[in-house]
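# Topology and contacts: notes
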Amino acid sequence: MDDEPIVRWYWIGDHLGYLGNLLADHAVIALLPVLIGLLLAVPLGLACARFPRLYQPLSAVFNIVYALPSLAVFVVLIPYTGLATQATVMIPLTFYALAVLLPTTVDGLHAVPDSVRQAATAMGYGPWHRLTTVELPAAVPYLIAGLRVAAVSSISLASVGALVGRGGLGYLFVDGFQRTFPTPIVAGIVLIAVLALAVDLLLVGARRLLAPWAVREKGAGS
Amino acid sequence: MNWLNWLSDFFSAPDHRSGPDSIVHRVSEHLLLSGEALLYAALLAVPLGLLIGYTGRGVTAVTALAGAARALPTLGLVTLAVLLAGVGDTAVLIPLVALAAPPLLVAAVEGVRGTDPDVRDAARGIGLTHPQVLWQVCLPSSAPTLLAGFRTATVQVIATATVAAYVGLGGLGRYVIDGLATRQYAVTVGGALLVVLLAVGAQLFFTLLARFALPPGVRAQRRAR
């Protein structure tokens, strides 16, 4: 290890295509679950906002889900989904994303002032019209704050999937460790950070575009 | 029903009852490693966070830093640290501290900044010095936020310490990794279940602590909100 530099640049140059493939694989494994989580969180959040009784038990369940160790969950799923399949990694990531997004969706829907709601009703908006043109847009800054947390954690968590055979860039960590060759590990860390940063910037841009009125971000729970 | 068989296999195996691979020993290794990481993270992050929150300087930097830290893959940090520093507790402690420090830092900053400014002014008005205000007013009033930060950090560290086994260290990850390597799902699933139980237990512990151990004044305030 003494004469091995932390980064051997020629290795990176030689493996650009390979790194690109891993990056693409990683993006799919990490981000598709966030998208599915969002699609589930919006209707669930609506149901919770309408029936507050539903919210407390659901949020307790998802609190526990969020506490589950990713590696442990991947492992427990293997007998059902198989080793080294995308589903083994993506199913838990979907639940983690949902656990982050559900509270932010509910917070966002609750953030609409009653006066605004009543004004919309007074202007003749039906419940559906009011929901799609007033309440959901008002929740957008919250949703995007939640998406930022969910996406970045998902990108980082997906790499643990390498230990069960499907982790995108996480494979570089296993590979580098087994060969005591730090270059792939460094490349993996940097690429994961870059991917996370890119997605985060994209989401900030989306907020500017979709919710220009939200100057200060709110509801970015940890 | 193979689930139940696996678990009974796991819990009744003689190796898991006593000796270095026993469940008690692995759980205590796991808790010790997690506790050590949390201690260092707290010593690092809480004083810094209190100071930043009190002076209001560098809050934006802290928020940005905490967001960026979330993107750091622990598995990558652990493997890199082992290659650079050799197998040992340090190699795992560095990534775990890096994982635990950001939520603690953010919680300390947010907690102090969330203190009612009127209360801070009043404390200054009755003649408390700045360190006294920070220690006697801001710290107690930020206790709920700090506790929530500790809960997040603890749960994450307990969950992630599992990865330590991949580079040859102890803890409950041993069961998960060794079971995978030898294709003994009973061992893997048993280890995973124990980690889940520990994490959920930690979560419950902090929830109860927030309910019963907070300063009475702070508790009343939270109820009123």
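So, here's what we can say about the structure. (Residues numbered from 1 in each chain as written. Chains lettered and ligands numbered in written order. Predicted model: local features only at pLDDT ≥ 70, side-chain atom pairs only at ≥ 80, totals over all residues.)

### A few points about the overall build of chain B
- Summing up its helical and strand segments, chain B has eleven helices and zero strands in all.
- Beginning at the N terminus, the succession of helices and strands in chain B can be written as α-α-α-α-α-α-α-α-α-α-α.
- The C-alpha extent of chain B, read off along each of the three principal axes, is 65 × 40 × 25 Å.
- Put simply, chain B has 225 residues, and 46% of those count as buried. (Helix = DSSP H or I, 4+ residues; strand = E, 2+ residues; numbered from the N terminus. Buried ≥ 20, exposed ≤ 12 C-beta atoms within 10 Å, placed from the backbone.)

### Topic: the environment of Pro215 of chain B
- Here Pro215 of chain B lies in the loop between α10 (185-212) and α11 (216-224).
- Excluding its chain neighbours within four sequence positions, the residues that come into contact with Pro215 of chain B are Pro140 and Ala143 of chain B. (Contact = placed C-beta atoms within 7 Å.)

### Description of the interface of chain A and chain B
- Taken together, the contact pairs 35 residues of chain A with 32 residues of chain B.
- Residue assignment for the side of chain A that touches chain B shows that the elements contributing at least two residues are α3 (52-67), α4 (70-81), α7 (127-157), α8 (170-178) and α9 (182-210) of chain A.
- At nine residues, the largest contribution of residues to the side of chain A that touches chain B is made by α9 of chain A.
- The residue makeup of the side of chain A that touches chain B, split by class, is 25 nonpolar, ten polar and no charged. (Nonpolar A, V, L, I, M, F, W, Y, C, P; charged D, E, K, R; others polar.)

### Concerning unusual backbone geometry
- In this structure, Thr180 of chain A is a non-glycine residue whose phi angle is positive, near 40°.
- Residue position: Thr180 of chain A is located in the loop between α8 and α9.

### Structural notes on the nonpolar core
Residues and elements named next belong to chain B.
- Ala100 and Leu104 are the most contacted members of the largest nonpolar core, which totals 130 residues.
- A total of 15 residues in this core trace back to one element, the largest contributor, which is helix α5 (residues 89-113).
- Residues in contact with Leu104, not counting those within four places in the same chain, are Ala41, Ala42, Ala45, Val46, Gly49, Gly149, Phe150 and Ala153. (Core = buried A, V, L, I, M, F, W, Y, C linked by C-beta atoms within 7 Å.)

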